[in-house]
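Geometric and topological summary
Given next are the chains, with one letter for each unit.
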Amino acid sequence: MKLSGRDAARYFTRPDPDRAGVLLFGADAMRVALKRQELIANLLGPNAEEEMRLTRMMAGELRSDPAALADAVKARGFFPGPRVVFVEDAADGLADTIKAALSDWAEGDAQLVVTARQLTPRSALRKLFEGHANALAIGIYDDPPGRDEIEAMLTKAGLPLPDSTAMGALTDLALALDPGDFSQTVEKLSLFKLNDPAPLTPEDIAACAPASVEGEADALIHAVAEGKAAEIGPMLRRLQAQGVTPVTLCITATRQYRALHAAASDPEGPARGIGRLRPPVHFKSRDRMVRQAQNLGVAKLEQGLDLLIDTDLTLRSSQKAPQMAVMERALIRLAMLGARRG
């Protein structure tokens, strides 16, 4: 049987202990691993490792000893409670071995949890689980966590559900981060808000969100768009020391100025224009970019884009001038443009 969408999300929080097996597959190994951890934790509860109710097996082990899987599923432990046999990184070559274990499965046996990389609909392993009467196949795709998943993560971390503004900030953050970083951010939030009865706010989320080189590059372009020419030199030196190239900075600036131009050109105003951008603007930057689009206006943003296009061509040409100096000059000119009235 195949599960997807909300049915799959609900299953991870309340899995059926009487299933013979579950297959989780997907291109992103981190997403698959996080869902597998959630599934096994909710199946077995706490202390499963200490009570030896979880058996881990690598796919390579089973290729040399196929009978080991059936033995592990049938084995009885010293501690009461549900058991899981977890097979990591399986492929179609193990389909017959897993089929034999599922065929012999009986009530009281360990549930089989199998993870795999991306599988096509023709995959033997995927067909096995989708066609089995008491097994499930769940594809884990690159979609960011939805509201239901985020709420479940907050509840698990002991955080009360926030208002719509803070939830919107979390949703934006989930779009920007990979699953592992987002999960760690929620854990960090739970510690940040420990014994704090005040509701979760966007400021709390911003304080716990991970910093990155990309974030520093974005901060530089924000300073440029706001006409803060004096901040450009020090920020540029830090980014250069971290290995950021002038071409990367030019691409970052061009992307932001195009977004600002689209927002400033929106017939319903910059705020509505920022809200329509895809991918969505990060919640930390939304208000700031609305102000930038309002202050610069369409004409200055078009001048800025012309300057950035010329700078990009210069950087990619065979000219002899130091590239970072070329980029710095362009950023200062952009900042002066933003600081100029009218």
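This report concerns the structure included in the present document. (Residues numbered from 1 in each chain as written. Predicted model: local features only at pLDDT ≥ 70, side-chain atom pairs only at ≥ 80, totals over all residues. Heavy atoms only, no water.)

Attention shifts here to the overall build of the protein chain. A tally of helices and strands in the protein chain yields 16 helices and six strands. If you line up the protein chain on its principal axes, its C-alpha atoms span 80 × 55 × 40 Å. Looking at the 342 residues of the protein chain, the share that counts as buried comes to 44%. Taking the contacts inside the protein chain whose residues are at least 6 apart along the sequence as the reference set, 74% of them involve residues at least 24 apart. Roughly 18,000 Å² of accessible area belongs to the protein chain as shown, and the carbon and sulfur atoms make up 53% of that amount. Side-chain charges in the protein chain split into 42 positive and 45 negative, and the spacing between the mean points of these groups amounts to 6 Å. (Helix = DSSP H or I, 4+ residues; strand = E, 2+ residues; numbered from the N terminus. Buried < 20%, exposed > 50% of the residue type's maximum accessible area, 1.4 Å probe, protein only. Contact = heavy atoms within 4.5 Å. Areas by Shrake-Rupley, 256 points an atom, 1.4 Å probe, with all protein chains shown as cover. Lys, Arg positive; Asp, Glu negative; His and termini not counted. Charge placed at Lys NZ, Arg CZ, Asp CG, Glu CD.)

Here the focus is unusual backbone geometry. Working note: non-glycine residues mostly have negative phi, and peptide bonds are mostly trans. Despite not being glycine, methionine 52 shows a phi value in the positive range, around 55°. Its place among the elements puts methionine 52 in the loop between α2 (29–44) and β3 (54–58). Unusually for a residue other than glycine, aspartate 89 sits at a positive phi of about 60°. Within the fold, aspartate 89 resides in strand β4 (residues 84–90). Note on aspartate 89: relative accessible area 33%, which makes it partly exposed.

Along an α-helix, a turn takes 3.6 residues, which lines up residues three or four apart on a common side. The terminal C-alpha atoms of helix α13 (residues 246–265), which comprises 20 residues, lie 28 Å apart, in line with the 28 Å expected from a rise of 1.5 Å per residue. The set of residues buried in α13 consists of Pro246, Leu249, Cys250, Thr252, Ala253, Thr254, Gln256, Tyr257, Ala259, Leu260, Ala263 and Ala264. (Expected span 1.5 Å × (residues − 1).)

Turning next to the packing of α13 against helix α15 (residues 286–315). Direction vectors running N to C along α13 and α15 enclose 145°, while the axes themselves pass 7 Å from each other. Like other packed secondary-structure pairs, α13 and α15 cross with a definite hand, here left-handed. In terms of residue class, the contact of α13 with α15 is built from 17 nonpolar, eight polar and three charged. (Axes fitted to C-alpha atoms, helices over the stretch in contact; angles between N-to-C directions. Left-handed = near helix turned anticlockwise from the far one by under 90°. Nonpolar A, V, L, I, M, F, W, Y, C, P; charged D, E, K, R; others polar.)

Let us now look at the side chain of lysine 35. Counting through the fold element by element, lysine 35 comes out in helix α2. Lysine 35 gets classed as buried once you look at its relative accessible area, which sits at 15%. Among the polar contacts listed, one links the side chain of lysine 35 to the side chain of glutamate 149, at a separation of 2.8 Å. Once residues lying within four places of it in the same chain are set aside, the contact partners of lysine 35 are Phe12, Leu24, Ile140 and Glu149. (Polar contact = N/O pair within 3.5 Å; in protein donor to acceptor, adjacent residues only side chain to side chain.)

Moving on to the layout of surface pockets. In this model, the largest pocket occupies a volume close to 1,300 Å³. For the lining of the largest pocket, the elements supplying multiple residues, two or more each, are α1 (5–13), α2, β6 (135–139), α7 (147–156) and α9 (179–192). For the lining of the largest pocket, the per-class residue count stands at 16 nonpolar, 11 polar and 12 charged. (1 Å grid on protein atoms, 1.4 Å probe; cavity = no way out; pocket = protein on both sides within 12 Å on 5 of 7 lines; lining within 4 Å. Points joined across faces, edges and corners; volume = space filled by probe spheres on them.)

What follows is about the side chain of threonine 97. Structurally, threonine 97 can be placed in helix α5 (residues 95–103). Judged by relative accessible area, which is 17%, threonine 97 ranks as buried. Ignoring sequence-local partners within four residues, the contact set of threonine 97 consists of Pro66 and Leu69.

Mapping proline 179 onto the fold places it in helix α9. Sequence-wise, proline 179 and aspartate 143 are 36 residues apart; in three dimensions their C-alpha atoms are separated by 9.8 Å. Those residues in contact with proline 179 that lie beyond four places of it in its chain are Arg31 and Leu34.

This brings us to the sheet that holds strand β1 (residues 2–3). The parallel open sheet is built from six strands, whose spatial order is β1-β6-β2-β5-β4-β3. Each edge of the open sheet carries a strand with a single partner, namely β1 and β3. The pairing of β1 with β6 spans two bridges and is parallel. For leucine 3, the partnering residue across the bridge sits in β6 and is isoleucine 138. Along the sheet, helix α6 (residues 124–131) makes contact with β1, β2 (21–25), β4, β5 (111–116) and β6, crossing β2 at roughly 140°. (Pairing = 2+ DSSP bridges.)

Next up on the list: the pattern of salt bridges. Under the definition given, this model contains 21 salt bridges. Residue glutamate 51 is joined to arginine 53 by a salt bridge in which the shortest nitrogen-to-oxygen separation is 2.8 Å. For glutamate 51, a relative accessible area of 23% corresponds to the partly exposed category. The shortest N-O distance in the salt bridge between lysine 193 and aspartate 196 comes to 3.0 Å. A relative accessible area of 8% means that lysine 193 is categorised as buried. Look at aspartate 196 and you get partly exposed, because its relative accessible area is 33%. In this structure, a network of salt bridges that share partners links the residues Asp266, Glu268, Arg272 and Arg276. (Salt bridge = Lys/Arg side-chain N within 4 Å of Asp/Glu carboxyl O.)

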